[in-house]
Amino acid sequence: EVQLVETGGGLVQPGRSLKLSCVASGFTFSSYWMYWIRQAPGKGLEWVSSINTDGGSTYYPDSVKGRFTISRDNAENTVYLQMNSLRSEDTATYYCAKDGSTEGIPFDYWGQGVMVTVSS
Amino acid sequence: EIVLTQSPTTMAASPGEKVTITCRASSSVSYMYWYQQKSGASPKPWIYETSKLASGVPDRFSGSGSGTSYSFTISSMETEDAATYYCHQWSSTPPTFGGGTKLELK
């Protein structure tokens, strides 16, 4: 059974940093791209980052580019999201998701999500 | 960036009623994907490649469309279908989602 478990959320002041982790199990982690997707309270979904299988290629939308960094440790089956220079608009639930594009589904499994609140 | 516009944003349906949600893209996309999200839970894939049902999805659900206009249909509303549904495209980067349609039970 595929499981994705995010940790590391919490309350942080504007301008500070936070690092999220997502531990994966139930599939061959090193064979799949991984993603972070966020959802502001009461709002829709926004793709935040992508990372390829060996971590050599990463992608971000303009809203977080230069502030967020996605990385992975295939030995630990973990994907990370380092978030720097946080802003109030980064307040959201952050989900990690597994790539399912080989089966035709971009994000086929999602974690339970972790809440990040940016406030003074 | 391709903008996806869903309508309606909220709706209520009675058990047995037919439900249709539309998703319009600002530019043509090859496929549309749909996710279901229940309150307090993470999204689940529901329909992929425009018209294929994800594993475990009842066949009262269907999807169709092409180009810039797509639709999501429930042939006969059931209690368990109350949720928010999001359309999604990844024909071009960045991948984007519609604003969601909250479907309530009447």
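Refer to the structure above for everything that follows.
Notes on the structure follow.

Calculation rules
- Residues numbered from 1 in each chain as written.
- Chains lettered and ligands numbered in written order.
- Predicted model: local features only at pLDDT ≥ 70, side-chain atom pairs only at ≥ 80, totals over all residues.
- Heavy atoms only, no water.
- Pairing = 2+ DSSP bridges.
- Helix = DSSP H or I, 4+ residues; strand = E, 2+ residues; numbered from the N terminus.
- Axes fitted to C-alpha atoms, helices over the stretch in contact; angles between N-to-C directions.
- Disulfide = S-S within 2.5 Å.
- Buried < 20%, exposed > 50% of the residue type's maximum accessible area, 1.4 Å probe, protein only.
- Salt bridge = Lys/Arg side-chain N within 4 Å of Asp/Glu carboxyl O.

As for the sheet that holds strand β7 (residues 61-74) of chain B
Residue and element names in this part refer to chain B. Strand order in this open sheet of three strands is β1-β3-β7, and the pairing throughout is antiparallel. Strands with a single pairing partner mark the edges of an open sheet, and in this sheet they are β1 (4-7) and β7. Mean inter-strand twist for the sheet, computed between neighbouring axes without regard to direction, equals 20°. Two strands pair when backbone bridges link them, and strand β3 (residues 19-29) and β7 are joined in this way by seven bridges, in the antiparallel orientation. Residue V29 lies in a different strand from β7, and its bridge partner there is G67.

Side note on the state of the cysteines
Counting across every chain of the model gives two disulfides over all chains. In this model, A:C22 is linked to A:C96 through a disulfide, with the two sulfur atoms separated by 1.9 Å. Taken together, the residues A:C22 in strand β3 (residues 18-25) and A:C96 in strand β9 (residues 92-100) connect sequence positions 74 residues apart. Note on cysteine connectivity: B:C23 is disulfide-linked to B:C87, with sulfurs 2.1 Å apart. The sign of the 70° torsion about the S-S bond sets the B:C23-B:C87 disulfide as right-handed. In this pair, B:C23 is assigned in strand β3 and B:C87 in strand β8 (residues 83-89), connecting sequence segments 64 residues apart. Grouping residues by exposure puts B:C23 and B:C87 together as buried.

Some details on the pattern of salt bridges
All names here are of chain A. The tally for this structure, following the rule as stated, stands at ten salt bridges over all chains. With its nearest N and O atoms 2.7 Å apart, the salt bridge here joins R38 to E46. Of the charged contacts in the structure, one is a salt bridge between R38 and D90, with a shortest N-O distance of 2.9 Å. Linking R38 in strand β4 (residues 34-39) with D90 in the loop between β8 (78-83) and β9, this pair joins segments that are 52 residues apart in sequence. Given a relative accessible area of 0%, D90 falls into the buried group. Because the salt bridges share partners, they merge into one network encompassing R38, E46, R67 and D90.

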